[in-house]
Structure formats: structure tokens, C-alpha cells
Amino acid sequence: MHVRALALAALLAAGAARAAAPQPPVLSVTPDGEEAVVFSRTRDVCGRFDTPDAPARAVRTGSGVALFATHFDNRALRGPSLRALRPDCVITFAGAENPDPAAFSDRSWIAALWTHDGRVVHALVHNEHQGHRHPGQCPTRRYRDCWFNALTAAVSDDGGFSFRAATPGPALVAALPYTAAEMQGRPAGYYNPTGIVAHENALYFMAFASGREAQRHGNCLYRTEMISDPSAWRGFDGAAFSVRFANPYAPDAPRGEERARRVCAPVGAGRLQWPVTALVRHAPSGLFVAVMQGGPHRPAHAAPRPGVYVATSPDLLAWSAPEFVMAGIGHGRFRCGDPAPIAYPSLLDPDSDDPSFATVGDRPWLLFTRFNVPDCRITGNRDLVRIPVAIAPRGDAAGRR
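Residues numbered from 1 in each chain as written. Predicted model: local features only at pLDDT ≥ 70, side-chain atom pairs only at ≥ 80, totals over all residues. Heavy atoms only, no water.

Draft legend 1. The arrangement of the nonpolar core in detail. Counting 52 residues, the largest nonpolar core has Tyr190, Phe205, Tyr222, Leu272 and Trp319 as the members making the most contacts within it. In terms of residues, this core owes the most to one element, strand E14 (residues 202–209), which gives 7 residues. In contact with Phe205, other than residues within four places in its own chain, are Leu124, Leu151, Val173, Pro193, Thr194, Gly195, Ile196, Cys220, Leu221, Tyr222, Trp233 and Leu279. Val280, Val308, Val360 and Val385 belong to the second largest nonpolar core, which has 20 residues in total. (Core = buried A, V, L, I, M, F, W, Y, C linked by side-chain atoms within 4.5 Å. Buried < 20%, exposed > 50% of the residue type's maximum accessible area, 1.4 Å probe, protein only. Helix = DSSP H or I, 4+ residues; strand = E, 2+ residues; numbered from the N terminus. Contact = heavy atoms within 4.5 Å.)

Draft legend 2. Unusual backbone geometry, seen in detail. Phi is positive for Ala171, which is not a glycine, with a value near 50°. Tracing the sequence through the fold places Ala171 in the loop between strand E10 (164–165) and strand E11 (172–174). Positive phi outside glycine occurs at Tyr344, with the angle close to 60°. Counting through the fold element by element, Tyr344 comes out in strand E22 (residues 342–348). Residue Tyr344 is classed as buried on the basis of its relative accessible area, which comes to 19%.

Draft legend 3. Up close: the pattern of salt bridges. This model, assessed by the stated rule, comprises 17 salt bridges. Of the charged contacts in the structure, one is a salt bridge between Arg382 and Asp53, with a shortest N-O distance of 2.6 Å. Note that Arg382 is positioned in strand E25 (residues 382–393) and Asp53 in the loop between helix H2 (41–44) and strand E3 (57–61), a separation of 329 residues in sequence. You'll find Arg382 and Asp53 in the same group, each marked buried. With a shortest N-O distance of 2.8 Å, Arg78 and Asp88 are connected by a salt bridge. Highlighted residues: Arg78 in strand E5 (residues 74–81) and Asp88 in strand E6 (residues 84–93), separated in sequence by 10 residues. Each of the two residues, Arg78 as well as Asp88, counts as buried. (Salt bridge = Lys/Arg side-chain N within 4 Å of Asp/Glu carboxyl O.)

Draft legend 4. Region of the structure containing the environment of Asn372. Structurally, the position occupied by Asn372 is in the loop between strand E24 (365–371) and E25. Separated by 11 residues in sequence, Asn372 and Asp383 place their C-alpha atoms 7.5 Å apart. Filtering out sequence-adjacent residues up to four positions away, Asn372 remains in contact with Arg377, Asn381, Arg382 and Asp383. In terms of polar contacts, Asn372 uses its side chain to reach the side chain of Asn381, at 2.8 Å. (Polar contact = N/O pair within 3.5 Å; in protein donor to acceptor, adjacent residues only side chain to side chain.)

Draft legend 5. Geometry of the sheet that holds strand E18 (residues 276–282). One open sheet accounts for 5 strands, arranged E21-E20-E19-E18-E23; its pairing is mixed. Edge positions in the open sheet fall to strand E21 (323–327) and strand E23 (359–360), since each of these has one partner strand only. Bridge count for E18 against E23 is 2 bridges, and the pairing is parallel. By the bridge assignment for E23, His282 is matched with Val360. (Pairing = 2+ DSSP bridges.)

Draft legend 6. Looking closely at the environment of Gly337. Its location among the elements puts Gly337 in the loop between E21 and E22. A relative accessible area of 71% places Gly337 in the exposed class. Each C-alpha atom of the pair Gly337 and Ser352 lies 39 Å from the other, and the pair is 15 residues apart in sequence.

Draft legend 7. The sheet that holds E3, seen in detail. In spatial order, the strands read E3-E4-E5-E6; together these 4 strands make up an open sheet with antiparallel pairing. The open sheet has two edge strands, E3 and E6, and neither has a second partner. Taking the axes of each pair of neighbouring strands and ignoring which way they run, one obtains an average angle of 30° across the sheet. (Axes fitted to C-alpha atoms, helices over the stretch in contact; angles between N-to-C directions.)

Draft legend 8. A look at the packing of aromatic side chains. Under the criterion given, the structure shown has 15 aromatic pairs. Each ring, one from Tyr190 and one from Tyr222, has its centre 6.3 Å from the other, and the planes form 85°; the classification is edge-to-face. Taken together, the positions of Tyr190 in strand E12 (residues 188–191) and Tyr222 in strand E15 (residues 218–224) put the pair 32 residues apart, joining distant regions of the chain. With 5.6 Å between their ring centres and 70° between their planes, Tyr204 and Phe241 make a pair best called edge-to-face. Of this pair, Tyr204 sits in strand E14 while Phe241 sits in strand E17 (residues 241–243), placing them 37 residues apart in sequence. (Phe/Tyr/Trp six-rings, centres within 6.5 Å; stacked < 30°, edge-to-face > 60°.)

Structure below.
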């Protein structure tokens, strides 16, 4: 048989196998109550960069609950429970604004939290090297042209009141095997780690990968059995968790074809259609829930509608098609006259018994940032909003509606 015919037959067989494979169970998430403002920019602000700029994450500590939905001046909301939080104006963590991209410590956002005991709190950090801010590092001097992103790790020994780098040096979790100078022209790297979840004696999270060089565009899945060691995280390669991420500035940094073995294979192709902003486990069903925001801005009748979506999985690898939750235009697509845009959706359950709020029941909250745009400009004027939602198998939810 001709080589092309063989390839076509293989593709058809693979398609038939996918079509015949059982689809993952589906959960529907439905708004089911009134909105409440968790953080108000006008009421609660502590400083210029005190505004919700990341999805909400929380942990239980010896002193109550700490919630982070932070900018690069990382502050927390604290209280006895998720229902009673107040702003804490102390900055718990900040990048060093180091101009050297090899330091992986320019501007840093605490983006995921995990604790076993409420005292030691591990964090995954979204670290942006913003080359346009550093003389001589960005020919165009445009933010997006010289945005090089990596994931690092931080740790707190005092219940989340202060964080430090998890290890001496970069505390690198994941980076592209290319330098910032090689990646100029558009944003590159791994972004916005989700919450951390437990599954089969290991911990997992997702992060979005830009499609650059050997790295394909999509949501990557990471696994570790030793969260105290940032280098112990492994990326999924399409068959196993074998990807050891490399520091592109190290003396033994990979070169040539070896770089292609130091990037991850995105999961949920065609299902996880947008960056996953939150990952939790629905305790009653045992299913994992990925939260996303996406959809076209116009025309309004186009499918899928712009808004918040969820997908579900029994094993973090096979995902359902996205299910619509609520409407919402992303801040990058906002036009004057549109409803106030939203961003960074997440799910947290105030009644979860998990110390890292990695599980939810049937009545959690959907939290998101709402941009206040009275003058039609996207600024730091933002609120963190929560709305109760109901989670049920799709048939049950459809029946209630």
C-alpha cells in the first residue's frame, strides 16, 4: 500500500477508535443564587497593585482561611472561613524584579496552593520575565513581544503569612527549553497553573502552554510525588509523565533535537478548548472539573457563546466536551458598550473539608474577577465576585431547568 494510503488508513482507524471510545461522564454547573462581592477595589484596596489578577485559591491554616486572588504584590484575604474574609495588607511574596531572565524572578504571582497541615503551604508561581521593562532586552519595547513565562515554586512555613523561594536559586518547576531572547516576538512559556489536586498517590496541576517551537499549544498536565522538590514535577508526554523540564540557561541545557523531549504534550485536545483556570475534584462523583473561559466575542449567536465553561474527567486525561456555565466577555475582547468583562474563573467550596480546597461538593461557589469599566477602559479597577452554583450530572441539571 502507498505510504499516503497507509497514513490515511491509520488516521481513519484512530478516528474510529476515538468515536467508539466511551465518553467521560459529564457534570453541569449552573448558577443558583445571588452574586456577592468578596473583594471590592474601592472598599478593600491596600495599594496600587492590590487587585484580583489571578484565579482565586485558598488554604485552611491554623489561624483560619487564606484566599489569594492576587497581583504580583501578593496579598491575601483572611478570616475564620471563606464566608468571612477581610483584606490583609501585608505583602506575602513578590518577585525580585530581577532583569536577568536566568533568575526566573522578575514579577511573580502566587497561582496555586497546597498544604497538608495548615502550617507549611506550598505554592506554584506564575513568573513573568517582562523584557520590555529592562533596558536592552526588548527591541520593540512592547510587553507582549518580550513576555517569557515560567513556573517556579515558593513555600511558607507560617501558614501562608509569608512565602520564600522553595529552593536556593530559581526553584524552577517548568520552563521552555529556549531562552527569553530566542522566544521574542510574542508571549512564550507556561502560564497560570491551576489548583493542585490529588489522584492515585500523587499531586497534579495544569498550566497553559504557548505554541512555540517544539512546544504545542494547549493545556499541559504535571505530576509529582514530592511537592517539596520543585524539580520533581514531570510533564505528560502523551503516554507517561516522563518530561523533565530543563533550565535553558544551565550549563547542561538541552540543545538541538533534545529540546523536543523537554516539552509537554497537551491533554484534552478538542475538549479543553481554552486555558484551564481552575482544577478541582467533585467529591460526590469523584470526577475532576476543569474551569475555562472562552468563546467568540461576535456574532452573539455564534456557538459556543462567550463565557465560563467546565469539562469533566475521571482520570485527568480523558475529558468531556465543554459545558456552558454562564455568559461573560473576556477583558481582552471588551468593546465599549459591552457588559462588564470578567476573567479568571475558579471553583471553591466553603464547606470543603480539604485543607487546600481541592475538592467541591454539589453547592460550591464560582469566583471570578469583574472589571469595572465606567469609562470603557480596562484598568486595575476590579472586584472579586462569587456566585453560588449547583453541580449535578448533566441529565439531572437539565431536568431541573
